[in-house]
Amino acid sequence: MAPPADARLQLEAVRLTALYGRRAVVKDVSILFPAHSVTAVIGPSGCGKSTFLRCLNRMHELSEGGWVTGTVLLDGADVYDAGVDPVQLRRRIGMVFQRPTPFPTMTIYDNVAAGLRVNGGRSRGEVDAAVEQALRRAALWDEVKDRLKKSALDLSGGQQQRLCIARALAPEPEVLLLDEPTASLDPAGTQRIEELCHELKRRYTIVIVTHNLQQAGRVSDYTAFFYLGDLVEVGRTEELFTKPAQEQTEAYITGRFG
Amino acid sequence: MSARRLRRRLVSGLMTTLVGVLSFVAVLALAVILGYLVVKGASSLDWNFFVKNPVPAGQAGGGVANAIVGTVIIVGVAALIGLPIGIGTGLYLAEYGSGRFGWIVRFVADVLNGTPSIVVGIFAWTWLVRPMGHFSALAGSVALAVLMVPMIARTTEEMVRLVPHSLREAALALGYPRWRTSLRIVARTALAGILTSCLVGIARIAGETAPLLFTALGNLNFSSSILQPMQTLSLQVFTYGTGPFDEWHRLAWAAALVLMGLVLLLSLTARWALRSRHGAAR
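Residues numbered from 1 in each chain as written. Chains lettered and ligands numbered in written order. Predicted model: local features only at pLDDT ≥ 70, side-chain atom pairs only at ≥ 80, totals over all residues.

Participant: It is not clear to me how the overall build of chain A should be interpreted in this structure. Could you clarify?
Facilitator: The secondary structure content of chain A amounts to 10 helices and 10 strands. For a compact globule of 258 residues, the expected C-alpha radius of gyration is about 18 Å, and chain A comes in at 18 Å, within 12% of that figure. Overall, the C-alpha framework of chain A stretches about 55 × 45 × 40 Å when taken along its three principal axes. Residues classed as buried in chain A amount to 47% of the 258 residues present. Counting only contacts in chain A whose residues sit at least 6 apart along the sequence, the fraction spanning at least 24 positions is 68%. (Helix = DSSP H or I, 4+ residues; strand = E, 2+ residues; numbered from the N terminus. Rg over C-alpha atoms; globule rule 2.2 N^0.38 Å. Buried ≥ 20, exposed ≤ 12 C-beta atoms within 10 Å, placed from the backbone. Contact = placed C-beta atoms within 7 Å.)

The following block contains the structure:
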């Protein structure tokens, strides 16, 4: 893929292979994610797109038998370097999952503050301000500002997902990974999240895994198509959808399989 | 066609009745025990029973204040020793116990869980009472704690395992270190369940008698020193129930009723705690 010449490269996977034991589920993938862009990762179920995403913030290695070869560069630095603490890394790369995962014992406020508190070193006022900012960016502030001390479970599914986005945004990450964030949401909730992607890319680099091609078309600047663990094709979204270079890509986006 | 249908209905009705009767028998046992305790013991329950110490054999009156206080102390100390170890073990098993060591710990806990309590009592006698040279409440507490640990460990493990894996991942992805994820997110979420298992565990050991016979021994006088022999309600029931005096038998029934009530109260509290927390979560 050729990002525009002036774009800063934020995140890059270099010959990345992800394995469970001896079974490779992502095979030798190299891809660039320009700063302040949205890249959609599409492909049929089981093509390794979620696993690929989880390699970017070193979550894959927490799965039973999960390990990788190759590497990932964040701002040019190898995140798999021996000197990198994966816990610290994950504070720079936020992640939101398929299903909303608010912490059930915490209030709305505490959920958003969770990532800040684990870092420590912030005063009450700073945490208050950061929580409000994160909730505003996740377009949830107006709906919850009067009930910050209520349980996060009182929110609707769509609100919970935006809460999880706010929680991921609060520690000010550079990159936001979204793993099928609208899979469990209704159309209204989905639309809100998609609108958010447009808003958020001004500040963050976003990688979004989706099985919904229309969604990829709506939200992303670049699209990567995965099939059976291989990166088949990646390019500008409008190009990939209108004149794909690979036959497999065309077959998939025209609905001949998947 | 209709004959077969009739047969099905008949068998179905029969089996439903059968399991219904069986459940009734099961519940009946508890009802009879409780009812009988109330009939035999309730009349002896008065203020004096709770606040007076036993009087010399043959005299009327007196109470079991020493046994009530003793039960609270012995069970309390046992909980103080057993709960942290049990909860910690359970948390370890659920969060880190997938390897070989975890397997061994689990196996040992299961074996220990099935060990007759009197065997644990004998061990406490051998390792504590004999070296110390005298019976003591502390030895009793240790014996009860040993009984409690595997029980608490396994139930805590179950409760922690109920916490969805997605919550763990969410915390880790947020930059939580693993140990902090275990404590702040996973254990917190399972807290109601863990507390319940603690209460059930306490209720279970509160009624133990056999391991206390070799350790706390019992005491007809009031004692609050954990290094001295101490009375408990269960020991009181044993001593008075097997004694020769009618007055003692009367007090044994009443003590049994109080003990039963205590255990019932703990169990009900446990149920209530679990329900109210879970109810709020849904």
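Participant: Sorry, what's going on with the overall build of chain B here?
Facilitator: Helix and strand counts for chain B stand at 12 helices and 0 strands. Each helix and strand of chain B, placed in order from N terminus to C terminus, yields the pattern α-α-α-α-α-α-α-α-α-α-α-α. For chain B, the spread of C-alpha atoms along the principal axes amounts to about 65 × 65 × 35 Å. Looking at chain B as a whole, 40% of its 282 residues qualify as buried. Within chain B, contacts between residues at least 6 apart in sequence are counted, and of these 74% link residues at least 24 apart.

Participant: Sorry, what's going on with the interface of chain B and chain A here?
Facilitator: Size of an interface: often given as the accessible area lost when the parts come together. Taken residue by residue, the interface counts 15 residues in chain B and 21 residues in chain A. Only helix H7 (165–173) and helix H8 (178–189) of chain B provide two or more residues apiece to the side of chain B that touches chain A. At 6 residues, the largest contribution of residues to the side of chain B that touches chain A is made by H7(B). Its residues placed into classes, the side of chain B that touches chain A shows 9 nonpolar, 3 polar and 3 charged. (Nonpolar A, V, L, I, M, F, W, Y, C, P; charged D, E, K, R; others polar.)

Participant: It is not clear to me how the pairing of strand E1 (residues 9–20) of chain A should be interpreted in this structure. Could you clarify?
Facilitator: Residues and elements named next belong to chain A. In the sheet, E1 pairs with strand E2 (residues 23–34) via 8 bridges, with the strands oriented antiparallel. Counterpart to Ala18 in the pairing with E2 is Val26. Direction of pairing for E1 relative to strand E4 (residues 66–74): antiparallel, over a ladder of 8 bridges. Opposite Glu12, over in E4, you have Leu73 as the bridge partner. (Pairing = 2+ DSSP bridges.)

Participant: Mind showing me how you'd approach the sheet that holds E1(A) here?
Facilitator: What the 4 strands build is an open sheet, ordered E2-E1-E4-E5 (chain A); its pairing is antiparallel. The sheet terminates laterally at E2 and strand E5 (77–78) of chain A, the two strands that pair on one side only.

Participant: What should I look at first to understand unusual backbone geometry in this one?
Facilitator: Outside of glycine, negative phi angles account for most residues, and trans bonds account for most peptide bonds. All names here are of chain A. Of note in the backbone geometry, Arg15 takes a positive phi value of approximately 45 degrees without being a glycine. The residue Arg15 is located in strand E1 in this model. With a phi close to 50 degrees, Asp75 is a non-glycine residue in the positive phi region. Checked against the element boundaries, Asp75 lands in the loop between E4 and E5. For Asp75, a count of 14 C-beta atoms within 10 Å gives the class partly exposed.

Participant: I'm lost on helix H1 (residues 2–41) of chain B in this one. Help?
Facilitator: An α-helical turn contains 3.6 residues, so any two residues separated by three or four positions project in the same direction. End to end, H1(B) covers 57 Å across 40 residues, agreeing with the expected 58 Å (1.5 Å per residue, within 8%). Of all the 40 residues making up H1(B), 1 are buried; the element is thus mostly uncovered. (Expected span 1.5 Å × (residues − 1).)

Participant: How should the environment of B:Glu157 be read in this particular structure?
Facilitator: Residue and element names in this part refer to chain B. Inspection of the secondary structure puts Glu157 in helix H6 (residues 137–161). The exposure class assigned to Glu157 is buried, which follows from the 27 C-beta atoms found within 10 Å. Glu157 sits 66 residues away from Leu91 along the chain, and the two C-alpha atoms are 5.9 Å apart. Apart from residues no more than four positions distant in its own chain, Glu157 is found in contact with Gly90, Leu93 and Ala94.

Participant: So what exactly am I meant to see when it comes to the pairing of strand E6 (residues 93–96) of chain A here?
Facilitator: Walk down a regular strand and you will see the side chains alternate between the two sheet faces. All names here are of chain A. Residues Ile93 and Met95 of E6 are buried on one face, and the alternating residues Gly94 and Val96, pointing to the opposite face, are buried as well. Examined bridge by bridge, E6 and strand E7 (residues 175–179) share 4 bridges and lie parallel to one another. Bridge assignment links Val96 to a residue of E7, and that residue is Leu178.

Participant: For this particular structure, what's the right way to read the sheet that holds E7(A)?
Facilitator: Either a parallel or an antiparallel arrangement is found when strands of a sheet pair, and the pairing is made through backbone hydrogen bonds. Residues and elements named next belong to chain A. An order of E6-E7-E8-E3-E9-E10 is seen for the 6 strands of this open sheet, with the pairing classed as mixed. Across the chains shown, the open sheet's two edge strands, defined by having one partner strand only, are E6 and strand E10 (230–236). Here the average twist between neighbouring strands, direction ignored, is 15 degrees. Bridge analysis of strand E3 (residues 38–42) against strand E8 (residues 205–209) gives 4 bridges, and the strand direction is parallel. What sits directly across from Thr39, in E8, is Val207. Seen against the sheet, helix H1 (residues 49–56) touches E3, E6, E7, E8 and strand E9 (222–227) and runs at an angle of roughly 150 degrees to E8. (Axes fitted to C-alpha atoms, helices over the stretch in contact; angles between N-to-C directions.)

Participant: Where do I start with the domain arrangement of chain B in this structure?
Facilitator: All names here are of chain B. Per the domain assignment, the segments making up chain B are domain 1 (2–44) and domain 2 (49–281). Relative placement of domain 1 and domain 2: their C-alpha centres are 31 Å apart. At the junction of the two partners, domain 1 supplies 7 residues and domain 2 supplies 8 residues. Broken down by class, the residue content of the side of domain 1 that touches domain 2 amounts to 4 nonpolar, 2 polar and 1 charged. (Domains from an automatic or database assignment.)

Participant: Teacher, can you tell me more about the environment of A:Glu250 here?
Facilitator: With respect to the helices, strands and loops of the structure, A:Glu250 is situated in helix H10 (residues 247–253). Residue A:Glu250 is classed as partly exposed on the basis of its 16 C-beta neighbours within 10 Å.

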